[in-house]
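# Tertiary structure, described
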Amino acid sequence: QVQLVESGGGLVQPGGSLRLSCAVSGSIFSIYTMAWYRQAPGNQRELVATITRSGDTTNYSDAVKGRFTISRDNAKNTVYLQMNSLKPEDTAVYYCNAAHYAISYWGQGTQVTVSS
């Protein structure tokens with residue numbers, strides 16, 4: 001059974017930083033394209049960032065480009081999201097996703113709140 005467990009969320013002031021982690025177990029981590037999504041209250045879930053299996057290619061939404069960095073450590077079965085220069089509009093539940101062809105797994109989400 002594949003499990004994704006996010007951690008690292010919390011309350012941070014505008015301009016601050018957080019690093020999210022997502023640990024994957026129950027499968028071969030390196031076969032998955034990994035992604036971070038987020039969902040704010042009343043909004044649809046949106047894609048934040050993706051990273052290929054080897055980690056050599058990343059993509060970001062326009063809303064976070066230049067502020068967030070996705071990375072992965074295949075030896076630790078973990079994907080990260082470094083979030084800098086956080087804004088109140090970044091407040092959301094952040095979800096980790098693992099995808100391999102038509103198969104997709106989700107974590108339970110971690111809350112990020114940006115507020116003074």
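Everything that follows concerns the structure shown earlier in this document.
A brief report on the enclosed structure follows.

Here is what the cut-offs are and how they apply
- Residues numbered from 1 in each chain as written.
- Predicted model: local features only at pLDDT ≥ 70, side-chain atom pairs only at ≥ 80, totals over all residues.
- Heavy atoms only, no water.
- Helix = DSSP H or I, 4+ residues; strand = E, 2+ residues; numbered from the N terminus.
- Buried < 20%, exposed > 50% of the residue type's maximum accessible area, 1.4 Å probe, protein only.
- Lys, Arg positive; Asp, Glu negative; His and termini not counted.
- Salt bridge = Lys/Arg side-chain N within 4 Å of Asp/Glu carboxyl O.
- Polar contact = N/O pair within 3.5 Å; in protein donor to acceptor, adjacent residues only side chain to side chain.
- Contact = heavy atoms within 4.5 Å.
- Pairing = 2+ DSSP bridges.
- Axes fitted to C-alpha atoms, helices over the stretch in contact; angles between N-to-C directions.
- Disulfide = S-S within 2.5 Å.

## Concerning the side chain of E6
If you trace the backbone, E6 turns up in strand β1 (residues 3-7). For the buried E6, no salt bridge is present, and the opposite-charge side chain at shortest range is R45, 7.5 Å distant. A polar contact is formed between the side chain of E6 and the backbone nitrogen of Q108, at a distance of 3.0 Å. Polar contacts involving the side chain of E6 include one to the main-chain amide nitrogen of G109, which spans 2.9 Å. In contact with E6, other than residues within four places in its own chain, are S21, C22, W36, Y94, Y95, C96, G107, Q108, G109 and T110.

## Some points on the environment of A49
Mapped onto the elements of the fold, A49 is located in strand β5 (residues 46-51). Taking relative accessible area as the criterion, A49 reaches 1% and is therefore assigned buried. In this structure, the C-alpha to C-alpha distance between A49 and S21, residues 28 residues apart in sequence, is 13 Å.

## Quick word on the sheet that holds β1
As summarised here, the arrangement of the four strands in space is β1-β3-β8-β7, forming an open sheet in which the pairing is antiparallel. In the strand order of this sheet, the two ends are held by β1 and β7 (68-73), each with one partner. Looking at each pair of strands side by side, their axes are set apart by 15 degrees on average, direction ignored. Here β1 runs beside strand β3 (residues 18-25); their pairing, made up of five bridges, is antiparallel. When the sheet's bridge partners are listed, S7 is paired in β3 with S21.

## A word on the pairing of β5
Both strand β4 (residues 33-39) and β5 contribute to a ladder of five bridges, which runs antiparallel. Of the residues in β5, the one forming a bridge with M34 is I51. Note that β5 and strand β6 (residues 58-60) share three bridges and pair antiparallel. By the bridge assignment, I51 is partnered in β6 with T58. Taking the residues between adjacent antiparallel strands as the criterion, β5 and β6 are bridged by six residues, where G55 takes a positive phi near 85 degrees.

## Quick word on the state of the cysteines
Across all of its chains, the model carries one disulfide by this definition. Shown here is the disulfide that connects C22 with C96, its sulfur atoms set 2.1 Å apart. The chirality of the disulfide connecting C22 with C96 is left-handed, given an S-S dihedral of about -85 degrees. With a gap of 74 residues between them, C22 in strand β3 and C96 in strand β9 (residues 92-100) connect regions that are remote in the sequence. By the burial criterion, C22 is buried, and C96 matches it.

## Observations regarding the side chain of R72
With respect to the helices and strands, the residue R72 is situated in strand β7. Engagement of the side chain of R72 in a polar contact is seen with the backbone oxygen of Y32, the distance being 2.8 Å. Within polar-contact distance, the side chain of R72 engages the side chain of N74 at 2.8 Å. Among residues more than four places away in sequence, those in contact with R72 are F29, S30, Y32, T33, M34, I51, T52, R53, G55, T78 and V79.

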